[in-house]
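So the chains spell out like this:
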Amino acid sequence: MLTGVTEIVERLSEFQLLRKQLDREAGKASILQAAVPVLLGTLWNALKDPMLIVAQRPEVANRLFDQMVTYFGEDSPIYKFPELEALPFEQLTVDRSNVHQRLWVLSTLTESLSRTNPIVITSATGLAIKTPNPTELLEKSETIERGQTVSMEALLRQWQLMGYVNERATEMQGQMSRRGGILDIFPPGHLLPARLEFLGNTVESIRLFDVGTQRSVEEIQQITVIPAKEQIHNKNELGQVEKVVSSLDFSSCSREAEERIKEEISLIMSGHQVENEAIYSGLFNQASLLDFFPSDSLIVIDEPSSIEIAIKDLDKRADELGDEKSMRGEIPRILPSPSHSWSEVSEKLRAVSKKLELRRWNTEDSIEFPFLSAPTFQRQLEDFVDEIA
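Attention in this report is confined to the structure presented alongside it. Predicted model only: the values in this text are computed from it and were never measured. (Residues numbered from 1 in each chain as written. Predicted model: local features only at pLDDT ≥ 70, side-chain atom pairs only at ≥ 80, totals over all residues. Heavy atoms only, no water.)

### Regarding the overall build of the protein
In terms of regular secondary structure, the protein is built from 14 helices and 15 strands. The buried share of the protein, taken over its 389 residues, is 50%. A sequence separation of at least 24 residues applies to 74% of the contacts in the protein between residues at least 6 apart. Carbon and sulfur atoms make up 48% of the accessible area of the protein, which amounts to about 19200 Å² in all. (Helix = DSSP H or I, 4+ residues; strand = E, 2+ residues; numbered from the N terminus. Buried < 20%, exposed > 50% of the residue type's maximum accessible area, 1.4 Å probe, protein only. Contact = heavy atoms within 4.5 Å. Areas by Shrake-Rupley, 256 points an atom, 1.4 Å probe, with all protein chains shown as cover.)

### Structural notes on the sheet that holds strand β15 (residues 367–368)
Overall, parallel pairing links the seven strands, which are arranged β3-β4-β2-β13-β14-β1-β15 in an open sheet. The open sheet has two free edges, formed respectively by β3 (78–80) and β15, since each of these has just one partner strand. Here two bridges tie strand β1 (residues 27–30) to β15, and the two strands are oriented parallel to one another. Note that in β15 the partner of A29 across the bridge is I367. (Pairing = 2+ DSSP bridges.)

### Thoughts on the environment of I334
Checked against the element boundaries, I334 lands in the loop between α12 (304–327) and α13 (342–350). Note: C-alpha distance between I334 and D323 (eleven residues apart in sequence) is 8.2 Å.

### Topic: helix α8 (residues 152–161)
Since the α-helix turns once every 3.6 residues, residues separated by three or four places project in the same direction. Of all the positions in α8, only M152, L155, L156, W159, Q160 and L161 are classed as buried. Here the buried face of α8 lies against β5 (142–145), β7 (175–179), β8 (182–185), β9 (194–199), β12 (222–225) and α10 (255–269). Positive phi appears at G163, one or two residues downstream of α8, with a value of about 105°.

### Here's the deal with the pairing of β12
Remember that side chains alternate between the two faces of the sheet whenever the strand is regular. Side chains of β12 alternate between two faces, with I223 and V225 buried and Q222 and T224 left unburied. When β5 meets β12, the two strands line up antiparallel, connected through four bridges. The residue of β12 that forms the bridge with T143 is T224.

### Regarding the pattern of salt bridges
Overall, the coordinates contain 22 salt bridges when judged by the stated rule. With its nearest N and O atoms 3.4 Å apart, the salt bridge here joins E197 to R207. Within this pair, whereas E197 is found in strand β9, its partner R207 is found in strand β10 (residues 202–209), the two being separated by ten residues in sequence. E197 gets classed as partly exposed once you look at its relative accessible area, which sits at 31%. Taking the relative accessible area as the measure of exposure, R207 reaches 25% and is therefore partly exposed. Salt bridges here are not isolated pairs; linked through shared partners, they connect R146, E197, R207 and E219. (Salt bridge = Lys/Arg side-chain N within 4 Å of Asp/Glu carboxyl O.)

### Things to note about unusual backbone geometry
Unlike most non-glycine residues, E303 shows phi in positive territory, near 60°. Judged by its relative accessible area of 19%, E303 falls in the buried class. A positive phi angle, close to 55°, is found at I334, a residue other than glycine.

### Some points on the sheet that holds strand β6 (residues 165–166)
Strand order in this open sheet of six strands is β6-β7-β8-β9-β10-β11, and the pairing throughout is mixed. Each edge of the open sheet is held by one strand with a lone partner, namely β6 and β11 (216–220). Across the sheet, α8 is in contact with β7, β8 and β9; its angle to β8 comes to roughly 20°. (Axes fitted to C-alpha atoms, helices over the stretch in contact; angles between N-to-C directions.)

### Considerations on the environment of N362
You can see N362 is positioned in the loop between β14 (355–359) and β15. The exposure class of N362 is partly exposed, given its relative accessible area of 42%. The sequence separation of N362 and K28 amounts to 334 residues, and the corresponding C-alpha distance is 9.6 Å. Non-local contacts of N362, meaning those with residues more than four positions away in its chain, are made with S30 and E368. At 2.9 Å, the side chain of N362 and the side chain of S366 are in polar contact. A polar contact is formed between the side chain of N362 and the side chain of E368, at a distance of 3.3 Å. (Polar contact = N/O pair within 3.5 Å; in protein donor to acceptor, adjacent residues only side chain to side chain.)

### Topic: the pairing of β11
Judged from the four bridges that link them, β10 and β11 form a sheet pairing that is antiparallel. Residue F209 lies in a different strand from β11, and its bridge partner there is S216. Connecting β10 to the antiparallel partner β11 that follows it, the hairpin turn spans six residues, and Q214 within it adopts a positive phi of roughly 65°.

### Quick look at the packing of aromatic side chains
Scanning the model with the defined rule gives one aromatic pair in all. Seen in terms of ring centroids, Y79 and W104 are 5.4 Å apart; in terms of plane orientation they differ by 80°. Their pairing is edge-to-face. Of the two residues, Y79 is situated in strand β3 and W104 in helix α5 (residues 96–112); the sequence distance between them amounts to 25 residues. Under the relative-accessibility criterion, W104 is labelled partly exposed at 28%. The ring of F209 carries R195 above its face, with NZ or CZ at 4.0 Å from the centroid. Sitting over the face of the ring of F250, K262 holds its NZ or CZ atom 5.4 Å from the ring centroid. (Phe/Tyr/Trp six-rings, centres within 6.5 Å; stacked < 30°, edge-to-face > 60°. Lys NZ or Arg CZ within 6 Å of the ring centre and 35° of its normal.)

Keep in mind these values describe shape, not function.
Here is the structure:
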């Protein structure tokens with residue numbers, strides 16, 4: 001951890017002024033891009049509050065995440081919240097690893113905010129994509145303990161509703177399997193899958209095991225199983241299928257397309273996975289990543305104008321793609337978008353009580369931090385010697 005550097009930053013008069021500003025209103029600062037992770041890490045250490053950082057593009061968010069993990073340690077509660085690769089309404093196969101990473105971060109937030117103050121880094125698109133409700137996500141997660149009495153069949157059915165795929169062998173996150181009195185499960189966010197051994201309806205043991213060798217690695221007392229898909233529903237909500245479908249306008253769809261869409265929605269509600277499930281997220285998910293943070297969290301917007309442009313561009317492309325597909329009869333008219341519009345995102349951001357806006361260029365109302373780019377010498381040894389002399 002860059003203890004010496006953060007101590008220097010914390011003593012800067014600009015840093016002290018920014019802390020006072022954040023106590024009263026939204027903070028505004030201009031700072032060199034390379035110094036952003038150091039400033040934010042220092043703020044995080046000083047404030048002891050959860051922090052959400054929103055960057056314009058995914059590559060910027062990825063770079064910032066890598067820098068902060070390098071500077072402040074892999075053991076620090078720093079998480080990357082990815083966006084979905086496909087555009088809203090784009091019928092592409094969902095990248096399960098991205099879905100699992102998103103669910104793991106959201107579940108970690110619901111469980112850890114009372115114990116730690118995490119940093120979550122995302123892009124403008126990651127912020128805009130709709131998420132499950134925090135309370136619903138927490139309720140759908142379950143912890144299985146050694147000695148617990150539970151039916152294996154009930155667990156398998158519940159895990160299926162949570163998005164787990166039943167395979168012959170559990171090798172990847174989001175998979176489960178059964179062999180006699182043994183259940184294997186690989187929840188998102190876990191490095192190793194867990195093996196539950198039953199005696200009747202009693203969980204006799206829970207062990208983590210190696211996928212390659214199938215050998216037990218460690219015995220544990222409990223395992224928390226979180227959903228493996230973002231469209232989460234239980235069997236008591238299956239009756240809502242008709243209500244959801246009846247609200248859709250299929251007038252532009254062919255009979256074949258209408259039947260396919262109704263079947264896919266029914267399968268999602270029944271816990272199955274379908275290839276195009278992401279386009280239906282707007283029917284089931286209405287929350288946002290912002291909803292997972294308490295009111296005392298610091299929300300950092302890196303280059304606000306760029307964030308606005310990025311989300312408005314997402315709005316435009318989603319609207320154009322949705323209109324094009326509905327005109328071709330591939331989806332119902334006015335199918336709810338899987339992403340929040342800029343007006344919805346900006347409304348949520350205006351309601352944030354503690355916010356910091358970062359810019360690369362100084363403005364009249366921003367605090368300018370005195371960081372400079374390191375000089376480059378491009379093999380000019382004499383210039384380097386003159387610089388350090």
